[in-house]
Amino acid sequence: MGEHLQASLTGGALSKDAIDANFEDLHPPLNAQQVNSWANRCLFCYDAPCITACPTAIDIPRFIRQIATDNITGAAKTILSANIMGGTCARACPTEILCEQQCVLNTGEHEPIEIGALQRYAVDYLMDTTNTHPFVRGPKTGKTIAVIGAGPAGLACAHELARLGHDVVVFEAKAKAGGLNEYGLAAYKMAGDYAAKETKFITDIGGITVKAGKSLGDDFSLSDLRDKYDAVFIGIGLTKMRKLGIAGEALAGVSNALDFIETIRQTSDLSTLDPGRDIVVIGGGNTAIDAAVQAKRLGAKNVTLAYRRGLAQMGETKWEQDLAATNGVMIKHWANPVEIIGENSVKSVRFEQINLQDGKLCGTGDYFHICADRVYKALGQTLVTDELTALKVENGKLKVGSDGLTSVAGIYAGGDCIAPGEDLTVQAVADGKTAAIAIDKMLAIDKMLES
Ligand SMILES: Cc1cc2nc3c(=O)[nH]c(=O)nc-3n(C[C@H](O)[C@H](O)[C@H](O)COP(=O)(O)OP(=O)(O)OC[C@H]3O[C@@H](n4cnc5c(N)ncnc54)[C@H](O)[C@@H]3O)c2cc1C
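Residues numbered from 1 in each chain as written. Predicted model: local features only at pLDDT ≥ 70, side-chain atom pairs only at ≥ 80, totals over all residues. Heavy atoms only, no water.

J.: How would you explain the site of the ligand if you had to name every residue and give the values?
T.: Not every one of the 35 residues close to the ligand is listed here, only the nearest: Ala92, Glu172, Lys189, Leu216 and Asp416. Lysine 189 places a side-chain nitrogen or oxygen 2.7 Å from an oxygen atom of the ligand. Take aspartate 416: an N or O atom from its side chain is 2.8 Å from an oxygen atom of the ligand. Of all the secondary-structure elements, those providing two or more residues to the shell around the ligand are helix 9 (152–163), strand 2 (167–172), helix 13 (257–265), helix 14 (286–298) and helix 16 (425–450). (Near = heavy atom within 4 Å. Polar contact = N/O pair within 3.5 Å; in protein donor to acceptor, adjacent residues only side chain to side chain. Helix = DSSP H or I, 4+ residues; strand = E, 2+ residues; numbered from the N terminus.)

J.: So what's going on with unusual backbone geometry? Residues and values would help.
T.: For the peptide bond that leads from alanine 419 to proline 420, omega is -5°, which places it in the cis range. Mapped onto the fold, proline 420 is located in the loop between strand 17 (411–413) and helix 16. Located in the positive-phi region is tryptophan 334, a residue other than glycine, with phi close to 55°. Relative to the elements of secondary structure, tryptophan 334 occurs in the loop between strand 9 (330–332) and strand 10 (335–342).

J.: Explain the packing of aromatic side chains residue by residue, including any values.
T.: Each aromatic ring pair is described using two quantities: the centre-to-centre distance and the angle formed by the ring planes. With the rule as written, the count across this model stands at 5 aromatic pairs. Aromatic side chains phenylalanine 171 and phenylalanine 220 sit 4.8 Å apart centroid to centroid with 50° between the ring planes, which places their arrangement in the tilted category. Placement of the pair is phenylalanine 171 in strand 2 and phenylalanine 220 in the loop between strand 3 (208–212) and helix 12 (222–228), with a sequence separation of 49 residues. With a centroid separation of 5.4 Å and an interplanar angle of 15°, the aromatic rings of phenylalanine 351 and phenylalanine 368 are classed as stacked. (Phe/Tyr/Trp six-rings, centres within 6.5 Å; stacked < 30°, edge-to-face > 60°.)

J.: Give me the lowdown on the sheet that holds strand 9, citing residues and values where you can.
T.: Ordered by their spatial adjacency, 5 strands build an open sheet running 6-13-7-8-9, and the pairing between neighbours is parallel. Each end of this open sheet is capped by a strand with a single partner; those strands are strand 6 (254–256) and strand 9. Strand-to-strand twist across the sheet, computed as the mean angle between neighbouring axes with direction ignored, equals 25°. Note: strand 8 (residues 302–306) against strand 9, 3 bridges, orientation parallel. (Pairing = 2+ DSSP bridges. Axes fitted to C-alpha atoms, helices over the stretch in contact; angles between N-to-C directions.)

J.: Quick rundown of the sheet that holds strand 10? Include the residues and the values.
T.: The 3 strands lie next to each other as 10-11-12, forming an open sheet whose pairing is antiparallel. The strands lining the two open edges of the sheet, one partner per strand, are strand 10 and strand 12 (360–371). Averaged over neighbouring strand pairs, the angle between their axes works out to 20° when direction is ignored.

As structure tokens, then:
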């Protein structure tokens, strides 16, 4: 992890080759020998805990057995029939807290099976070797469903609906479909053009029309869609960025970490980006880690991640924390930003040292500065509810039942925009599929009642 990092001593001086190397696949694909070795180590547990640990309940022992018996296409179909985004999830899932954590080999002296890497091998094989879509659509139902948002939740919902014979129109605010797979996941997790390739693969089943550049609120309302379509699925994620609310936030050089990551994901030649020299990332979750590591890999000299709580409260996994450390990111805990200093552009950030008293964060009255020519805010995102006033909201997110139904009949939701929201691609995929199955059932009941 991070062992091949090409570091810049002065900041901004990395060659194109060095930057390209820094943004290669973090986990390169396994070769055939490694695949064989891992697949044959699986115990194929009858009551496999890895399956229950996966929000999409992929039959992991089955697909590994198919790989072990050289039925790679069959393995891919097992994966994709449970999770149509099995390719992205193989790259981006924190398997160390999901399936691989539950692998029974973990309890002995062994490492867990590399489930994610085996999954990637099978899905990549199928996508690279087959031109025909592995799933056929069911008989046409004559129903059309509107999906708002083409992220993992929306695309998974659209695919399942199409598979069940419905037509789907997906409305996406951005220019490209894929959601955070396309714009947010770290570039070294989604190397190449994988998000776009997978989106094409998903929609190639047929019956799905993606209308990009069409936004709820600007181009249509929820009631427009409810009137025109047989059902609606909302998968709009969380797009409103939290603010710091301190002086200097508007200075040049201060921006949202997610915008910085999006720029990286949408730039084909990363050596054209100016990485800056001294970077301060404010926040303690995965977005903060991803922004900090990518800044370092672009060639920034000093990258400090400042978080107002301690190590135990950080949102990311131990693996992500180690990734930051091995990439040379400094993590500064108990640091509360109080002012961003500069004239036209940022020069430093002033922090107050914080401590915990009776469970409450309290300022200590001790202040310090960290030099910065770039500040990335990674304070989390919230749901834009302006157009969703007809729906019940719980803790800032849409309230839904276990089948994804919102408080209004015919309107379903899933992914990051629903409560409680797991902030995981695989959970968004699971939500989208669950809602699609519920929509299908609801439409079937309506049809029975009509006849
Ligand atoms: C920086 C970052 C890194 C992450 N890394 C990982 C990771 O490594 N592994 C992991 O499992 N999870 C990761 N996550 C979480 C994961 O990306 C999300 O949980 C997942 O993308 C949620 O899917 P979604 O479909 O609900 O939302 P999104 O992916 O956000 O998709 C929502 C879609 O709706 C569109 N939309 C929004 N508003 C409107 C509107 N008004 N009208 C029309 N369309 C609209 C958006 O443009 C977007 O395309 C990460 C998240 C972030 C922010």
